[in-house]
Structures are given as structure tokens and as C-alpha cells.
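Remarks on the overall topology
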Amino acid sequence: MNAAIRSVLSAFAAGGSAAAVTASPGASGIALERIVHRYGAAIAVNDVSLEIRPGELVALLGPSGCGKTTLLRIIAGLLAQTEGQVRIGGEAVDRLPPNERGAGIVFQSYALFPHMTVAANVEYGLRARGLPAAQRRPIVERMLSLVRMDSLARRYPRELSGGQQQRVALARTLAVSPRVLLLDEPFGALDKNLRLGMQIEVKRLQRELSITTVMVTHDQEEALSMADRIAVMSSGVVEQLGTPEEIYDRPRTQFVAQFVGHTNLLSGRLVHTADRFDVALDVGGTLSLHDPAPCSRNGAVLVSVRPEHLEFAPDDAAAIPAVVDLVLPLGPSVVYELALSSGEKVKVTLARTGGAPAHRAGEAVRLRLAAGAPVSVFQA
Amino acid sequence: MAARLMREGQLVLPLALFFACFVFAPLSLLGYVSLHTDVSLQQMGFAQYAKFLTDRFNLGVLGSTLWLGLEVTLITLLVGYPLAYLHSIAPPKWQKVLILMIVLPLLTSSVVRTFAWLVILGRQGIVNETLLALGLIEIPARLLYTQNAVVIALVQIELPLMVLPIVTALAAIDPNLSQASRSLGAGSWRTFFQVIVPLSAPGVLAGCLLVYASSVSAFVTQTLVGGGQQMFMPFYIYQQAIQANNYPFAAAIAMILLFSVLTLVTVINLLARRTRALSHT
């Protein structure tokens, strides 16, 4: 598969029609400036500003109804924003209809034309742009081989599997060499086995073509694995924009901490002494932090700790007392669910090294922060 | 499996019985009557068919009836498609109003609607009175009792039968398809003719079928609006059966009309099946 794509791409590089695919070094960035969108009285997108760099893959991640699809449709020009400006490649496109923006969108349902063959679907955009047949044919062939659908060119969409339909949708969009690629829940309709394969394939295509891509998803794993940067959205605003590592390790809001991955939220009081920050937890025990963020003010706080960032500690007054509730050996790791003195539950994930788990249900233990573990502190 | 099919198959019995008694039996009787050479039904033979098919007057009546159906169908399509499309792009609030306007005529009998057209198109009808008052004409124009009057009246009367199937077909089209088309660089006309029209073809064909079948047999409208001047098959059948008392000939005319329409309907149906197969994912 890899070799096939590479060979096709090197064919482009070797002087194929420039209109085919812009694996251009001058890829276009997208700038969203203070976008607001209202549906009647309801506000779907509330003052969103985003800068998407040329060639970058940004995922808009959030629960349904957070405004991510609305934002994507605004970029595509399928929806006119109430306020704000969209720029593609530095050019304001707000007054341009969708067909003049250079934004190619792949819909969640793929939206293939059911009355046209695979080849006719891919050819559609080229036809609409008035390319003569002689120029259309080689592009269609290249696009189909790019997504490995050349053998099924004469099929109708209804004769294809979900993954195949998605490839055709991708080829159809890429055929008109859009300046930016927009993917609306691209893997939502695929079953789990297919999904990973297509994710790898799309990511590779995106890399090789270095096409600026915005992907809408509600699946955090998909966002974490595919995106260069993730914009986590909630109720119409971007809660945090950052690399997958930043989003996971340093969530800036409580929403991000809870939406992306699992987390334990522990309440306590932050006390800043001369050389360190201590959080005295309500359930007993103290966490010592170097650099509490985003909140470092003295007072009531919530500390977000990932399950894999807690570990069992020797009996120590500073460690958190807990009682083991459940032990779930999951192959490569063991998940412990523990009850704190307040009755709240926390989860701890440890690598499993073989043999029986170190602790059993009912056992009283103490927990501490793993060395160098990133945590986030929020004002309570 | 077979046993279950048998058991559940019994559910169609009432309908099957109804069809047998009230559709197939009368039709068979009609066919039987048409196969007699004399009015007293003594001699069997194909004389009635031969008589019809060798007479230019008779063929003219058949031709003008089928042509009337064609005209009405085409004009209804030209008027109905834009109306259905308007419905599909209208905001939901207006969709309800439009549907009401489309369906409303169906709630009154076609006899009533035909009489309305008599009032509108008559010598002292609304159209003539208006034109006279405006001084555009000096003597009332003959609008009623013309082929055009029949076409106009039938178009209005049959319009809902065209619009409703097209509305259904348009509503079934994934709205993302036109958005995809637009974002691929197609303008709205290209999108309309390359995506919307082909995908609504099953509705168009269904509408044409209904309008055609219904307008060639619209006895009341054809007769009242067309007057005696315009002879169409349904009136011809009525005349031969009731006035001339020539039942075998009337039955033969009926069978010929039935088969002419059936042939057309079958062709349209075959076309519809092909387009339907394409537009279903």
C-alpha cells in the first residue's frame, strides 16, 4: 500500500499535470477570526479564533452539539457565519461561494452521487471546472490509483463497502486539488476494524500531499492519533488548542481534562510556600507540585491526575490513603479502582509485569504521584 | 418457511377476492362482450376490433385521446416540477403551506373542479368578462369547448398527482449531495441538472404515470370542458354503450384504450425501475 502511494506520488513529482494534486510547498493555511454563528437565538459557535498552519492536520474535537461541524461548514462556505472572518491562504473568502473557495470537503455520509459510477464521481469536479476530457481522464486514473480504487472504477457507490466509498469520496475531493481538505467525522460510518486502516491511510495521504486539513471528530483517540494539533471544543468555544501531548498532559480546562482520556479529579487546598507548591487533599495526603497550571493561586483547587500517573507508595504520611475496590487485569496493564476516605473513587493504571496483581480488593494502600507526572490544577 | 408463507399469504385473501370480483371479473366480461360481432351477442368474432382499427375516425379519436394525455402530462410536469422543487428548498414553515396548497384541490371532487373551469372559461366567464372590461377584445372569445380548454383544465386538476410523487422523491435526496456538488466546483444549475434532476427521476416517472393514466380517462372533464366538439375515447365508449346501445363495440373500444394505456404504462414502469435501482444506495 505504502509503495503504491509512493510510486503514484513520485509520478506527480516527475512532472504529472500540475493541476492533479498540489503536493505544493506553498500549501494554504486557514485563519478563523472571531467566528460567531447563531441558529436563531441559539449560539453554535461563540467567538472562535483559530490559526491553522499550512500543511497541518488539525482536529476539531468535542461532544456532539459543540459547534465543530458548524465551524467546518463555515470554512467550506456551506454555511455563512453570523460574524467574523475566514481566510484561506491569507485571502478572505467570506464572500466566495463554496465552489470558489478551494476547500474540499468529505462528508460523514460520503455524499457520493448514487447515479454515477466511481469514475464519474471522481470526474465530476473536473467536469464542473470545465477541464476537457483529455485532461480529465489521467487525473481520474491517478486519483483512483492513489486511493487504490482503480479496479472498481466502473462500480456504482451502492456496490461498494463503507471503506471503499470513503476512498472514492476522498479521491473525488482531492481530484480538484483543493487548497484545504475538510473531513467531517470521516471514520464515523466505518466499523472498528476498517477504521484504523483508513486512519493510517488518510494520515499518510495528508502527509504526502502536505495538504492543510481540518478534521471534525468526537473520537478522542482518533484526534490524538491523527492530528498535529487538536482544538478541543465545548458549547461553541475552543477550550484548548495544542498538540496531542499538550492536550493530554496539560489540559487547560476541567472540560478538556475530563473529555480527553480518563482522569481523577481530587479536591484540596493549594498552598504556595517559598520554594514549592503543596496541595493538601481533602481526602488526606499531600501532593507536591513544581509548576501548578493553569491555576497557581492559593486556595481551593481541583487536581486532575491521569490514572497512569498515580502509583502505590510506601506507608508515608504525605501519601493518599485508599482502599482497593476492584482489580481489573487488562493484559498489558492492570486497572485498580480505589475508594478514597471520602468514598470517591479513583482509578490507577499500572503496567502489568506478569504474575498476580500486587494488591487485592479490600486491601488498604497509599497512593502518590509518579515522579515527573504531569498534572493540571484548576480553581475549584 | 413455506408453511409460514402460506399462513401469512392468507392475509392477502380479502384483497385478492375483492380484485377478483370487482376488477378481473368485470374486465373479463368486458373482453367477452367485445368478442361478439352482433349487438345481441350471438356470434363470436373479432369484427368489432377490425371495425375500430380500420376506421380513420375511430383511430383519430384514439390518437387525440393519447395525444391529450401526452400534452397534459408534459405541461403538468413543466408546471409541477418547479413547484415541487420550490417545496424542497422552502423553509419548513412554508413547506406546510405549500403542501396544503398542493393537496387542497384533491379534497374537492374533480366534477366540482371541472364546473369551476366552466365558470372561468365560459362565454360570460371570468376570463372573457375581464378581457372585455379591459377592452382587449370586443366579442367574447371561444375558450370553452376547445382542445386547449380541456388541456388547461386537466393540467390544473391532475397537478397534485404530479407534484406529490416528485416532492417525495426530492425529499429523499441526501441534502449533502448538492452541497458536495457545490463544493466540488459546480454552480447551482449544474448541481440541479446533474444531481437533483436525475435523482428525482423515479418521482417524475411516477407522476407522469399517474397523470397520464388519469387524464386519458377523465370522462367528466373531457366531456364538459371539451363539449361535443371534442371526441375522446371515454365519451366515445359512453356514447356507443348508452346512446347507440352497441355494447360489443363499446367494449372493444374500452379494451383498445386499456391496452394502449397499459403499453405506455409498462414502458414508463420499466424506465422507472431502472432509475430507481440507480438512485438507491
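Nothing here was measured: the structure is a model prediction, and the numbers come from that model. (Residues numbered from 1 in each chain as written. Chains lettered and ligands numbered in written order. Predicted model: local features only at pLDDT ≥ 70, side-chain atom pairs only at ≥ 80, totals over all residues.)

Let's talk about the overall build of chain B
When you go through chain B residue by residue, the secondary structure sums to 14 helices and zero strands. Each helix and strand of chain B, ordered N terminal to C terminal, gives the series α-α-α-α-α-α-α-α-α-α-α-α-α-α. Taken over the C-alpha atoms alone, chain B extends approximately 75 × 70 × 30 Å along its principal axes. In chain B, 73% of the contacts between residues at least 6 apart in sequence involve partners at least 24 apart. (Helix = DSSP H or I, 4+ residues; strand = E, 2+ residues; numbered from the N terminus. Contact = placed C-beta atoms within 7 Å.)

Considering the sheet that holds strand E4 (residues 83-88) of chain A
All names here are of chain A. In space, the four strands of this open sheet follow the order E2-E1-E4-E5, with antiparallel pairing throughout. A single partner strand is all that each edge strand has here, and the edge strands are strand E2 (42-52) and strand E5 (91-92). The pairing of strand E1 (residues 30-39) with E2 spans seven bridges and is antiparallel. Looking across to E2, one finds that Arg 38 is bridged to Ile 43. Contacting E1, E2 and E4, helix H2 (residues 68-76) crosses the sheet at an angle of about 120° to E1. (Pairing = 2+ DSSP bridges. Axes fitted to C-alpha atoms, helices over the stretch in contact; angles between N-to-C directions.)

As for the domain arrangement of chain A
All names here are of chain A. With domains assigned, chain A is organised as domain 1 (2-254) and domain 2 (262-379). Computed over C-alpha atoms, the centres of domain 1 and domain 2 are 40 Å apart. Contact with domain 1, which involves five residues of that partner, is made by seven residues of domain 2. Broken down by class, the residue content of the side of domain 1 that touches domain 2 amounts to one nonpolar, one polar and three charged. (Domains from an automatic or database assignment. Nonpolar A, V, L, I, M, F, W, Y, C, P; charged D, E, K, R; others polar.)

Some points on the sheet that holds strand E15 (residues 310-313) of chain A
All names here are of chain A. Strand order in the open sheet formed by five strands is E15-E19-E16-E17-E18, with antiparallel pairing between adjacent strands. For this open sheet the edge positions go to E15 and strand E18 (345-351), each flanked by a neighbour on one side alone. Adjacent strand axes in the sheet meet at a mean angle of 50° when their direction is disregarded. Alignment of strand E16 (residues 320-329) against strand E19 (residues 364-369), held across four bridges, turns out to be antiparallel. Paired with Ile 320 across the strands is Leu 367, a residue of E19.

Side note on unusual backbone geometry
Cis geometry marks the peptide bond from Ala 293 of chain A to Pro 294 of chain A, where omega comes out at -5°. Phi at Arg 34 of chain A takes a positive value of approximately 45°, unusual for a residue other than glycine. Along the polypeptide, Arg 34 of chain A turns up in strand E1. Positive phi, close to 60°, is recorded for Tyr 145 of chain B, a residue that is not glycine. On the neighbour-count criterion, Tyr 145 of chain B (17 C-beta atoms within 10 Å) is partly exposed. (Buried ≥ 20, exposed ≤ 12 C-beta atoms within 10 Å, placed from the backbone.)

Observations concerning the interface of chain B and chain A
When the parts come together, some accessible area is lost, and that loss is often what is quoted as the size of the interface. Listed per partner, the contact involves 19 residues of chain B and 22 residues of chain A. Those elements that provide at least two residues to the side of chain B that touches chain A are helix H9 (175-183), helix H10 (188-199) and helix H14 (247-279) of chain B. Counting residues per element, the side of chain B that touches chain A draws most heavily on H9 of chain B, at six residues. Looking at the side of chain B that touches chain A residue by residue, the classes come out as eight nonpolar, eight polar and three charged.

Description of helix H6 (residues 192-209) of chain A
End to end, H6 of chain A covers 26 Å across 18 residues, agreeing with the expected 26 Å (1.5 Å per residue, within 8%). In the segment just after H6 of chain A, Ser 210 of chain A is the residue with positive phi, at about 40°. (Expected span 1.5 Å × (residues − 1).)

Some points on the pairing of strand E7 (residues 180-184) of chain A
All names here are of chain A. Summarising burial for E7: five of the five residues are buried, a large majority. Side chains Val 180, Leu 182 and Asp 184 project from E7 onto one buried face, and the interleaved Leu 181 and Leu 183 project onto a second face that is buried too. The pairing of E7 with strand E8 (residues 212-217) spans five bridges and is parallel. Within E8, the position partnered with Leu 183 by the bridge is Met 215. With H6 bridging E7 and the parallel E8, this β-α-β connection has right-handed handedness. (Right-handed = clockwise from strand over helix to strand, strands pointing away.)

A look at the environment of Ile 74 of chain A
Residue and element names in this part refer to chain A. Considering the arrangement of structural elements, one finds Ile 74 in helix H2. Judged by the 24 C-beta atoms lying within 10 Å of it, Ile 74 is buried. Separated by 168 residues in sequence, Ile 74 and Gly 242 have C-alpha atoms that sit 22 Å apart. When near neighbours in sequence (up to four residues on either side) are disregarded, Ile 74 contacts Ile 35, His 37, Leu 79, Gln 81 and Val 86.

A closer look at the pairing of E1 of chain A
Residue and element names in this part refer to chain A. Direction of pairing for E1 relative to E4: antiparallel, over a ladder of five bridges. In the strand pairing of E4, Leu 32 is matched with Val 86. In this antiparallel pair of consecutive strands, E1 and E2, the connection spans two residues, and Gly 40 shows a positive phi of 60°.

Focus: the confidence of the model for chain B
Residues and elements named next belong to chain B. Averaged over all residues, the pLDDT of chain B is 89; the fraction at 70 or higher stands at 97%. Summarising per-element confidence for chain B, the mean pLDDT is lowest in helix H1 (residues 2-9) (79) and highest in helix H4 (residues 56-89) (94). Both confidence scores are given for the complex: pTM 0.77, ipTM 0.77. (pLDDT = per-residue confidence, 0-100.)

Things to note about the nonpolar core
One finds Ile 75, Met 143, Ala 171, Leu 182 and Val 214 of chain A to be the most contacted residues of the largest nonpolar core, which totals 81 residues. The biggest single contributor to this core is helix H5 (residues 162-175) of chain A, with six residues. In contact with Val 214 of chain A, other than residues within four places in its own chain, are Ile 30, Ile 52, Val 58, Leu 60, Leu 72, Ile 75, Val 180 and Leu 182 of chain A. Of all hydrophobic cores here, the second largest spans 47 residues; its members include Leu 68, Ala 153, Phe 249 and Ala 251 of chain B. (Core = buried A, V, L, I, M, F, W, Y, C linked by C-beta atoms within 7 Å.)

A short note on the environment of Ala 319 of chain A
Note on placement: Ala 319 of chain A falls in the loop between E15 and E16. Between the alpha carbons of Ala 319 of chain A and Leu 367 of chain A there is a distance of 5.4 Å; along the sequence they are 48 residues apart.

Some details on helix H13 (residues 233-243) of chain B
Residues and elements named next belong to chain B. By the burial criterion, the buried members of H13 are Met 233, Pro 234, Tyr 236, Ile 237 and Gln 240. For H13, the angular spread of buried residues about the axis comes to 165°, placing them on one side. Residues of H13 that are exposed and point more than 90 degrees away from the buried face comprise Ile 242 and Gln 243. Remark: Asn 245 follows H13 within two positions and exhibits a positive phi of approximately 60°. (Arc of directions from axis to C-beta.)

So, the packing of helix H8 (residues 147-171) of chain B against helix H11 (residues 201-216) of chain B
Residues and elements named next belong to chain B. Put simply, H8 and H11 touch, their axes get as near as 7 Å, and they point 160° apart. By the criterion of interaxial angle, the relationship of H8 to H11 is roughly antiparallel. Crossing angle aside, the handedness with which H8 passes H11 is right-handed. Along its contact with H8, which presents Leu 154, Glu 158, Leu 161, Met 162, Pro 165, Ile 166, Thr 168, Ala 169 and Leu 170, the element H11 presents Pro 202, Gly 203, Val 204, Ala 206, Gly 207, Leu 210, Val 211, Ser 214 and Ser 215. (Parallel < 35°, antiparallel > 145°, perpendicular 65-115°, else oblique. Left-handed = near helix turned anticlockwise from the far one by under 90°.)

What to know about the environment of Ala 231 of chain A
All names here are of chain A. Checked against the element boundaries, Ala 231 lands in strand E9 (residues 229-234). Placed 120 residues apart in sequence, Ala 231 and Ala 351 show a C-alpha to C-alpha distance of 30 Å. If we ignore the near neighbours within four places in the chain, the residues touching Ala 231 are Leu 50, Val 58, Leu 60, Leu 61, Val 238 and Leu 241.

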